[in-house]
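# Descriptive analysis of the structure
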Amino acid sequence: MSAHDPADADVVLAVRGLRKSFGKMPVLDNINADLHRGDVVLLQGENGSGKTTLVNLLTGILYPDSGSITISTTTRPETIRFPVSFLDNVNPIQHFGPERMASKGLGRTWQELRLFRNMDAVDNLRVAAPNKKGESIKSALWPSTKARAESIATTERSRSMLQRLGLSSVSTHAAATLSLGEARRVILARALASGSEILILDEPLSGLDLKGVREILDLLKLLLRERTLTLIIVEHVLNLAFVLDVATKVWTLAEGQLREDSVADVSRDLVSWRSRFNEHHAPTSHFSNSTSNRVQTLCRGGRLITFKSKAVTNSRSEVILSAQNLIVNRFGQILFGATEESPLCVELERGCLHVLEAPNGWGKTTLLDIFAGAVRPNAGTIHYEGHPLGGLVPWERRRLGVAYLPSNNGLFSSLTDREHQRLFKVKNSASKHRRVSEFSGGQQKWFAFSCITQAPNVKLLLLDEPLNELDHEHALAAWCTIRDFVERGGTVLVAVPRTLDAWNYD
């Protein structure tokens, strides 16, 4: 893409000739880009295109092989050239790293929540406040009057920010008890509390229901109106339409190169892709018509939609898993069974695709954990193929044919792809003996999905948000794989925060 003068007063971040390779494999090659004050950039690209690598380079987590980064959030622009000289690298003031970039006003959020789970929302913001006087052993042991006054002021600022962002009701709640939408808003507030002027958001809408998505988008629009804030947003295909609603430009990574696309062009491409998905790949396109599907209303706004394969459309299929009268209490909260009338009862039919739709905080992941044996319910029974699962641990359930893909992929970062395939008993000549920690997030998701769906003796697939992190083509391929698995007589339970069939973005 064309490069402008980094001395332009409106440019807050300029990248010139940025390159990064891992071994002999180039990932980014001669990247040039300008980020203007107030920009909202959607950063997109296929799995493995280098999105995370670029973000890690900009935030100081990785060192570029060559090139330069100029950051101009303050009145005095600073240019860092690579490779960094030895003297600059050992100089604690000039050292390139996350702390230095954060001190210049460049912050980021992660796809993982990364909150201090046992601390409340206020304290999670307090720790982000920069340059606190009390951050020393001496001040911790013998706090001065100034340090105490500063601590009180930081607490008040944190409470005020949470109140402005609509989070005052959960300000004293431990992070572990927050819903996903609340946690993501606290993470945004914490990034702002650190003084960030340029904020890189890594999949801020991932896993959110429509209510949570609207809350985050409304919050971003509010911040853009009230603050001089510049955003780079990374999102996967399910949420691109939401981000395009606020984006001013699009950066697309492909084959190591970065180009700038218009929001209008990317929106048209996405509409075309969604139309193709709904016509050829959505559940109702390859399973029975809607009149033979079954919808079970569950407690607290959840529902279970059963799509029957064509082989069992005209007859009721056999129940493969039955959960009766489940009562579940996690982290001090009653998810199911809060009253005598609300214990959870679920039946999964063989040869069907079951889609569990429920809002954030409902307990979708917990329910899949229970079926897989990772969590035990407080009460209730679960039968699989007519036999009680009782206290069977996950690997014993796997031997019976129950396979589980959690939303975090469940891979071992220190093992290679070949070693994982041996664990899953999957043969694949295309494996490259790479550690999965070297894969991008989307590559890890697709690799885990491929292993679990190709593993032998799988009768029931439990999939927790399997399309998260996948690009356009891999999302289509995932649905085709699910369809083929069901048509061969398998059973699938997919947990999602909102409907995937209609893809309603209104």
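Structure: above.
Residues numbered from 1 in each chain as written. Predicted model: local features only at pLDDT ≥ 70, side-chain atom pairs only at ≥ 80, totals over all residues. Heavy atoms only, no water.

### A word on the sheet that holds strand E11 (residues 294-297)
Rules: DSSP bridges decide pairing: two strands pair if at least two such bridges lie between them. Under the scheme used here, helices are H or I runs from DSSP no shorter than 4 residues and strands are E runs no shorter than 2 residues, and both carry numbers assigned from the N terminus. The axes used here are C-alpha line fits, helices contributing only the stretch in contact, and every angle between their N-to-C directions lies in the interval 0 to 180 degrees. Any pair of residues with heavy atoms lying within 4.5 Å of one another is described as a contacting pair.
Sheet architecture is open: six strands sit in the order E11-E12-E16-E21-E20-E19, paired in mixed fashion. Edge positions in the open sheet fall to E11 and strand E19 (402-405), since each of these has one partner strand only. Ignoring strand direction, the axes of neighbouring strands in this sheet form an average angle of 15°. Note: strand E20 (residues 460-464) against strand E21 (residues 491-496), five bridges, orientation parallel. Within the sheet, the bridge partner assigned to Leu 462 lies in E21 and is Leu 493. Each of E19 and E20 is contacted by helix H15 (residues 441-454), which is oriented at about 175° to E19, the strand it contacts most.

### Some thoughts on helix H7 (residues 180-193)
The test is simple: The span one expects for a helix is its residue count, reduced by one, times 1.5 Å. The classification of residues rests on relative accessible area computed with a 1.4 Å probe and restricted to protein chains. Under 20% of the type maximum is buried, over 50% is exposed, and intermediate values are partly exposed.
Between its first and last C-alpha atoms H7 spans 20 Å; for 14 residues at 1.5 Å apiece the expected length is 20 Å, and the two agree. Within the span of H7, buried status applies to Gly 181, Ala 183, Arg 184, Arg 185, Val 186, Ile 187, Leu 188, Ala 189, Arg 190, Ala 191 and Leu 192. Close packing links the buried residues of H7 with strand E6 (106-109), helix H4 (121-126), helix H6 (145-164), strand E7 (198-202) and helix H8 (210-226). With its phi angle positive at about 90°, Gly 195 sits one or two positions after the end of H7.

### Regarding the environment of Ser 440
Within the secondary structure, Ser 440 is located in the loop between helix H14 (417-424) and H15. On a C-alpha basis, the gap between Ser 440 and Gly 48 in space is 5.4 Å, while along the polypeptide they are 392 residues apart. In contact with Ser 440, not counting residues within four places along its chain, are Asn 47 and Gly 48.

### Considering the sheet that holds strand E10 (residues 257-261)
Strands sit in the order E6-E7-E8-E3-E9-E10 across an open sheet of six strands; the sheet is mixed. Each of the sheet's edge strands pairs with one partner strand only, and the pair in question is E6 and E10. Taking each pair of neighbouring strands and ignoring which way they run, the sheet shows an average axis angle of 20°. Of the pairings in the sheet, the one linking E6 to E7 comprises four bridges and is parallel in character. Residue pairing in the sheet places Leu 106 in a bridge with Ile 198 of E7. Along the sheet face, helix H1 (residues 51-58) touches strand E3 (40-45), E6, E7, strand E8 (230-234) and strand E9 (249-254) and points at about 135° away from the line of E3.

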